[in-house]
Every structure is written in C-alpha cells, then in structure tokens.
Amino acid sequence: MKLLIINGPNLNLLGRREPDVYGETSFEDYFSELQFKFREVELAHFQSNVEGELINKLHEADKEEFDGVILNAAGYTHTSVALGDAVAAIEAPVVEVHISNVMDREDYRHTSFISKNAVGVISGFGLDSYRLAILSFMEQEQGK
Ligand code: DQA
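These figures come from a predicted structure and were not determined experimentally. (Residues numbered from 1 in each chain as written. Predicted model: local features only at pLDDT ≥ 70, side-chain atom pairs only at ≥ 80, totals over all residues. Heavy atoms only, no water.)

> Got a minute to help me understand the overall build of the chain in this structure?
In terms of helices and strands, the chain carries 5 helices and 5 strands. When the helices and strands of the chain are read in sequence order from the N terminus, they spell out β-α-α-β-α-β-α-β-β-α. Taken over C-alpha atoms, the radius of gyration comes to 14 Å for the chain, in line with the 15 Å a tight globule of 144 residues would show. Considered along the principal axes of its C-alpha atoms, the chain spans approximately 35 × 30 × 30 Å. (Helix = DSSP H or I, 4+ residues; strand = E, 2+ residues; numbered from the N terminus. Rg over C-alpha atoms; globule rule 2.2 N^0.38 Å.)

Listed below in structure tokens is the structure:
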C-alpha cells in the first residue's frame, strides 16, 4: 500500500510551534517513527505553506497512484474552497487529520472545506492522529 501524507501551512514548525497545542516532536522525527512502525506501507510526505502547491500535490496523488492521502490542511482547512474542490476532484481517498481537537477550539476552526469529500476525519489525538489514519486505510484494505 502506498500512502501520501500532505501537511499544510506552519506544520513545518511542529515541535517548536505552540508546543502546548501541537506537542514537542518535529514531523520529521514522527515520520521516521511511522516509517519504522509501518514497514509494509510505502509512506511519502509532502509539506507546503502554499495553497496551490498543496492542490498540485493532491492532483499528483492520482497520477502517482497513491492508494490514499492523509491530509492535514492546517489553517487552509477552514478557508480554502479550492483545496476542498481538489479533494472532490481526485480519485484517491482522502482522510482529513488534525493534531488538535478542532471542535474544542475557536468557532472558526469548526468549519472544514475538506470534510464533505473526505472518507473521514481524525482530530484531537495529537500526532497519533496520523497513525490512526494509516490504520484506517490498512483496515479498509483488509476489508474490516
Ligand atoms: C490543525 C488545526 C488547524 O485549525 C490549525 O490551523 C493548524 C493545525 C491541527 O492539526 O490541529 O494549523 O490542522
């Protein structure tokens, strides 16, 4: 199985950015842990602070035949019609993830332009949200 993790704006600062909300681990370190934990899964990771680059990467997910995309669109989750449209446009299934529990935060974080076209949403488990998203793809593949 081939999965692509796409992280949006400011997630390159994980580990340093608001550690009380997002923890103290960098995504690079966490990604290495995921690769070790899921050796049977081909995992790729892309991060950008630029909306159009995230959209281009979603389009590429189809061309590069990923079985699924794990998308943390970060702040763009709550603002980007275009990212939501890209999720709707591609064949690859997308699981939306958030590190924090967005429903327990400011009202403007309660809106998502991604959720409607995502397979599901995993939010509030810290970095573990990404592990749970991988598991969801694996269990779907195994027909559970
Ligand atoms: C986030 C939640 C968003 O509201 C925020 O803008 C982020 C990160 C999360 O992973 O908890 O940048 O997507």
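> Explain helix α3 (residues 51-63) to me, please; I cannot follow it from the model alone.
A turn of α-helix holds 3.6 residues, and therefore any two residues three or four places apart point the same way. Its 13 residues give α3 an end-to-end C-alpha distance of 19 Å, which sits within 8% of 18 Å, the value for a rise of 1.5 Å per residue. Residues of α3 that are buried include every one of Leu54, Ile55, Lys57, Leu58 and Ala61, and no others. Taken down its axis, α3 places every buried residue within 160° of arc, on the same side. As for α3, its buried residues are in contact with β1 (2-7), β2 (42-47), β3 (68-72) and α4 (81-89). Phi turns positive, to about 55°, at Glu65, one or two residues after α3. (Expected span 1.5 Å × (residues − 1). Buried < 20%, exposed > 50% of the residue type's maximum accessible area, 1.4 Å probe, protein only. Arc of directions from axis to C-beta. Contact = heavy atoms within 4.5 Å.)

> Just checking my understanding: could you explain the sheet that holds β1 for this structure?
The strands that make up a sheet pair up through hydrogen bonds in the backbone, lying either parallel or antiparallel. Across the sheet, 5 strands lie side by side as β2-β1-β3-β4-β5; this open sheet has parallel pairing. Single-partner strands in this sheet number two, and they are β2 and β5 (120-123). Between one strand and the next, the sheet's axes are offset by a mean angle of 20°, whatever the strand orientation. As defined by bridge partners, β1 adjoins β2 across 6 bridges and the pair is classed as parallel. Paired with Leu4 across the bridge in β2 is Ala44. Across the sheet, α3 is in contact with β1, β2 and β3; its angle to β1 comes to roughly 170°. (Pairing = 2+ DSSP bridges. Axes fitted to C-alpha atoms, helices over the stretch in contact; angles between N-to-C directions.)

> Sorry if this is basic, but what is going on with α4 here?
Every buried residue of α4 is accounted for by Leu83, Gly84, Ala86 and Val87. Relative to the axis of α4, the buried residues are bounded by an arc of 155° and lie together on one face. Elements that come into contact with the buried residues of α4 comprise α3, β3 and β4 (94-98).

> What am I meant to see in the packing of aromatic side chains here?
Under the defined criterion, the tally for this structure stands at 4 aromatic pairs. Ring pairing ties together the aromatic residues Phe27, Tyr30, Phe31 and Tyr130, which thus form one cluster. When the ring centre of Phe66 is taken as origin, the NZ or CZ atom of Lys2, which lies over that ring, is 4.7 Å away. Taking NZ or CZ as reference, Arg39 lies 4.3 Å from the ring centre of Phe36, over its face. (Phe/Tyr/Trp six-rings, centres within 6.5 Å; stacked < 30°, edge-to-face > 60°. Lys NZ or Arg CZ within 6 Å of the ring centre and 35° of its normal.)

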